[in-house]
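# A closer look at the structure
Listed below, chain by chain, are the residues.
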Amino acid sequence: MTTTDTNITYYTLPLSGLSCQGCVKKVTKALEDIDGVRIEDIDTQSVSLEALGESTEYPLRQAVTAIEALGYQVGYRHYFTLSGLNCGRCVAKVEAALDEQPTVFSHSVSKTEAHVHTSLTADTLIKMVDQLGYQAELATNDDQSAHTDHDATSDMDSDKESDAEPSDSSHNRSAASGSEQAHSSSDDTAKTTNQTTRQQYVLSGMTCASCVSSVENAINSVDGVANVSVNLAERSAIVKGNATPDAIVEAVENAGYGAEKVEDDNDRRERQQHQQAAELKNFKRSTIAGLGLGGPIMAWGILGGSMTIQSNQDQWAWGAVAILTLLLLATGGRHFFANAWQALKHKRATMDTLVALGTGAAWLYSTAVVLAPALFPEQARHVYFEASAMIIGLISLGHAIEARARANTSKALDQLLDLQPPTALVIENGQETERPLDEIKQGMTLRVKPGAKVPVDGEVVDGNSYIDESMLTGEPVPVSKQQGDTLHAGTVNQKGSLTFKATGVGSDTMLARIIDLVREAQSSKPELAKLADRISAVFVPIVVAIALVTAAIWYVVGPEPSVSYMLVTATTVLIIACPCALGLATPLSVTAAVGRAAEVGVLIRDADALQTAAKLHTLVFDKTGTLTRGQPEVTNVKAINDDQARLMAIAASLEQHSEHPLAQAIVNYAKAQDLSLPTSNDFNSESGKGIQAQIDGTRYFIGNQAWMDAQGIETSSHQSDIDAMTQRGETAIYLANADSVQALIGVSDPIRDDAIDAVANLQSQGLEVIMLSGDHPDTANAIGRQLGIDHVIAGVLPDEKSEQIQQLQQQGKRVAMVGDGINDAPALAQADVGVAMGSGSDIAIESAQITLMHQHLGALANAIALSQAAVRNMKQNLFGAFIYNTLGIPVAAGILYPFTGMLLSPVIAGGAMALSSITVVTNANRLRFFKIKSDDK
């Protein structure tokens, strides 16, 4: 397209909702009434128009408003998930970029999501965000796409991208301020409508994996829901999107379950504890009632008592038992039948369906025998009231033990929540007052006394002390804090009193962000869990079908009394197949593993990262700041023609004018040695080579080999010393006067104290370790040899790091990238697993799937070992659940009867089912005690 005037810009806007030429005429008339807008072309799919004036944005927005006022839609409504944004400044940066685009009509941006109403395609916006150093991904949720007008069109018609953009960029954003004010109300309305939130809910009524699927489907059906994670182990859900809480609660209740919205993690914990206590109390009551009634009846039968109806006296006696058992089913077993009825109304089947069918069938058959024994053959007049009672008691016992064990899996998160104190000491007008934490605002001046916990994030204003950050970072050594240093909520002040200014409160503290990460990771699902979900969706109906087939076979070809055999086998199949263990197999392992990792300062972003980390082949380390300290130091000085102290004072005097990291290392060395720096003058420097200046009448030069060559200073006689420095991984810096080289200064970025052991540990686990560096190959290889790393990729520019990761992945390797800088973010995102150092940049941390909150690289080996243990644990649980049902159902159906003459009792099936859930919960809880190296410190 071309622009004929600097004050005219051409736009093509996609349209939807126009079904005929009558609609086109309505839009045409509305646009013709707007000053500064002229229609070039229009049909039911798009409109091409000219916007005239010094600010073309103003008439463009008027055009959009006019079209939408007619009930039609303009442009696309994209919903993106974002990564890499870690603070309000990051959000503001993205918002500013969107504001600069006249064809972005409204937007709502948070650290994790963005809603954008625009005529630009999704690809264009993704590229724009990428250029800012962040990442955007178009959400694919079907329910979200239902109200994003043209998302599908934008994906298919990428050739319209150029048409959607203005042909001239000469518009002035500042000149459009008046238009923003004129349309602020409509924009605000759009932003309110599109506001993305993260909501937490406590759920009730869920008992198995099929319940999870039902709740997820119900929540996903709500308009505006972008993503939902339901956790069976915690009976909770995390919902993202712009759906209203009332709509979500209503959807869950319509599905036959309960939901309560919680405001924060403390509220969630309080409600969950209340819910767990109530559940535990009910399960205990049901256990006592079920076993109390069923136990004596079973003992009567085992000890030789008659369990059949032979006389009127037997009818009266067993009739009383029938009434007691009915009371038990109506009280202790009520929730099984109530939940089964709810499931039936919603055309699904759950674990409760199986229990209700099994216990109900046993009671109905037994009651029929008591009321009309003559209708049954004499040998079939057996009653099974003890089966109904014992099954209720045993399953309730299993639920009680499971509930108590489930509460332990989230203890790590509870410990994090307990770190932050409920109050803070605020200094106002020279007075200290204790105020609730929710009243603390950013910018307030606070005091933390010795032994007290830091209430919010802040910056030290006055005082000196040591802070214990172990629960936050896993680092056991207290950290010295003084004026200008950063404090984090939840850490403990050990000795001195500190005055600090609040810089992060509420959800903006590091502790709050860590809790959010842990919470979301615990609620996420790995690929293994998705397999269980697919099976559970059809599991219960298949079990019911198997039970019916089993009953039919025993009735037709079974021995007499066939009716009794039919009942026993069908009931046993229903009871033993309850999929409790299947639903708990993976979420409990994920919750326990992520919580254990958080305890030792390793943040795992989601369950997929946990599973992928267990399968890694290769670890790629960025050198600077990861394997090394990231702060160059003078590590070797060779004085040639004078004393070392004087030469280093001269070198520092020259370098103090430079901001280069190597120069700063020389200045820091001089300061550490308390050297008095001589005055230099006539200063001159050449970028990338060196510096020269006059000191005490003598001209000195400091720099690299090229700088010496440019000054005509001979260096060949010092080549052996230079080679030795290079072999040690040092960068050689020459100090010379006009006649000769006076000193050789070796500067290097020292290897971290724990790096060599960490590399060796990782290699002992069978992992290939690669070092990635921008250094000269000689220097990089020298450092690699010191670290014990054979594979070194040197001379890599920052923007080439992700390409190196891609090349390794193309070789079939599963790769983890470990880095800490902003320039590492693309490589971290490209890797199968990105690992960021907690001391690194915010963008690096947000781009990574795993974050090491403290400086010990050994934590990475622990994280990988824990991931491997977690995946093993999940597989053990799933294997146990699958094998249990695979073997248990045929045995319950009577497959062994022709060979052994034995049938599995429904009571034993109930006990086995309860035991399977207890086994899964107990096995998952082993991860809470996973041995971490730092535990030995």
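Details of the structure are given in the entry above.
Overview of the structure. (Residues numbered from 1 in each chain as written. Predicted model: local features only at pLDDT ≥ 70, side-chain atom pairs only at ≥ 80, totals over all residues. Heavy atoms only, no water.)

### Structural notes on the overall build of the chain
Convention followed: Counting from the N terminus, the helices are the DSSP runs of H or I reaching at least four residues and the strands are the DSSP runs of E reaching at least two. Residues count as neighbours in contact if any of their non-hydrogen atoms are within 4.5 Å of one another. We get accessible surface area from the Shrake-Rupley algorithm with a probe of 1.4 Å; when it comes to residues, only the shown protein chains can shield them.
The helix and strand inventory of the chain stands at 36 helices and 34 strands. When contacts within the chain are restricted to residue pairs at least 6 apart in sequence, those whose partners lie at least 24 apart make up 71%. Accessible surface for the chain amounts to roughly 39,900 Å². Of this, 52% is attributable to carbon and sulfur atoms.

### Re the pairing of strand β21 (residues 498-504)
Convention followed: Per-residue accessibility, obtained with a 1.4 Å probe over protein chains only, is compared with the maximum for each type, and a residue is labelled buried under 20%, exposed over 50%, and partly exposed between these values. Pairing between two strands is assigned when DSSP locates at least 2 bridges connecting them.
A large share of β21 lies buried, amounting to five of its seven residues. Of the strand pairs in this sheet, strand β16 (residues 457-462) and β21 are connected by five bridges, and their pairing is antiparallel. Bridging across to β21, D462 finds its partner in T499.

### Some thoughts on the pattern of salt bridges
Where charged atoms of side chains with opposite charge meet at close range, the side chains can pair. Selection rule: Any Lys or Arg side-chain nitrogen located within 4 Å of an Asp or Glu carboxyl oxygen qualifies as a salt bridge.
Considering all chains together, one arrives at eight salt bridges under this definition. Here K801 ties to D622 by a salt bridge, and the two come within 2.8 Å at their closest N and O atoms. You can see K801 sitting in helix α31 (residues 801-810) and its partner D622 sitting in strand β23 (residues 618-622), a full 179 residues away along the chain. Across the pair, exposure class does not vary: K801 and D622 are buried alike. When the shortest N-O distance is used, the salt bridge between K813 and E768 registers 3.0 Å. You can see K813 sitting in the loop between α31 and β32 (815-819) and its partner E768 sitting in strand β30 (residues 768-772), a full 45 residues away along the chain. A relative accessible area of 22% places K813 in the partly exposed class. On the accessibility criterion, E768 (28% relative accessible area) is partly exposed. Among the ionic contacts, a cluster of salt bridges with common partners joins E428, R435 and E439.

### Some thoughts on the pairing of strand β7 (residues 113-118)
Most of β7 is tucked away: six of the six residues are buried. Residues E113, H115 and H117 line one face of β7 and the alternating positions A114, V116 and T118 line the opposite face, and both faces are buried. Sheet topology note: the strand β5 (residues 76-83)/β7 ladder contains six bridges and is antiparallel. Counted as the bridge partner of F80 is A114 from β7. Of the pairings in the sheet, the one linking strand β6 (residues 104-109) to β7 comprises five bridges and is antiparallel in character. By the bridge assignment, V104 is partnered in β7 with T118. Connecting the antiparallel pair β6 and β7 is a turn made up of three residues.

### Description of the nonpolar core
Basically, it comes down to this: Here, nonpolar core refers to any group of buried Ala, Val, Leu, Ile, Met, Phe, Trp, Tyr and Cys residues whose side-chain atoms link them within 4.5 Å.
In terms of nonpolar packing, the biggest core is built from 50 residues, with V602, L619, F621, L627, L762 and L860 touching the most fellow members. Setting aside residues up to four positions removed in sequence, V602 forms contacts with A597, I850, T851, L852, A859 and A863.

### Considerations on the sheet that holds β7
To keep things clear, this is the line we draw: To define axes, lines are fitted to C-alpha atoms, for helices over the stretch in contact only, and angles between the resulting N-to-C directions are given on a 0 to 180 degree scale.
The sheet built from four strands is open, its strands ordered β6-β7-β5-β8 with antiparallel pairing. The open sheet is flanked by β6 and β8 (135-138), the only strands paired with a single partner. Across the sheet, the mean angle separating the axes of adjacent strands is 25 degrees when strand polarity is ignored.

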